[in-house]
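# A structural walkthrough
Single-letter residue listing:
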Amino acid sequence: QVRLVESGGGLVQAGGSLKLSCAASGQTFPSMGWFRQVPGEERESVAADTYTGGTTYYADSVQGRFTISRDNAQNMLYLQMSSLKPEDTAVYYCAASVRVVERPTPARYEYWGRGTHVTVSA
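For the structure given in this document, a descriptive report is provided here. (Residues numbered from 1 in each chain as written. Predicted model: local features only at pLDDT ≥ 70, side-chain atom pairs only at ≥ 80, totals over all residues. Heavy atoms only, no water.)

When its secondary structure is counted, the protein shows 0 helices and 11 strands. In sequence order, the secondary structure elements of the protein are arranged as β-β-β-β-β-β-β-β-β-β-β. The C-alpha radius of gyration computed for the protein amounts to 13 Å, which stays within 12% of the reference 14 Å derived for 122 residues, consistent with globular compactness. In terms of principal-axis extent, the alpha carbons of the protein reach across some 40 × 30 × 25 Å. The burial tally for the protein puts 43% of its 122 residues in the buried class. (Helix = DSSP H or I, 4+ residues; strand = E, 2+ residues; numbered from the N terminus. Rg over C-alpha atoms; globule rule 2.2 N^0.38 Å. Buried < 20%, exposed > 50% of the residue type's maximum accessible area, 1.4 Å probe, protein only.)

Written out as structure tokens, the structure reads:
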């Protein structure tokens, strides 16, 4: 049974850092990514990694501040977030696909975690 479990969210001041973790179990995935969602808005891609193709994607809003990484031996996905801004406040979700996803959109991922809250105070 596939499970994705996020951790590492919390409250941080603007300019601070957080590191999110996603523990995957059940199988390994060629494509994994991070998405975020604010109430009343659509879920958006933050960062994604395609291990097989070596493709890494970042949303323009987080480029240079966030770093996605994977530990394939442990089946873990991470998101290092730095220089956080209040507009980064959202629920962050880990997602995984059994296919190679080069342009991450929510519809292209079959498996999702339940999310972890990130709140950035001004």
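Moving on from the model shown.
Moving on to the state of the cysteines. Throughout the structure, instances matching the rule amount to 1 disulfide. Here Cys22 connects covalently by a disulfide to Cys94, the sulfurs 2.1 Å from one another. Taking the sign of the S-S torsion, -75 degrees for the link of Cys22 and Cys94, the bridge is left-handed. Of the two residues, Cys22 is situated in strand β3 (residues 18-25) and Cys94 in strand β9 (residues 90-97); the sequence distance between them amounts to 72 residues. (Disulfide = S-S within 2.5 Å.)

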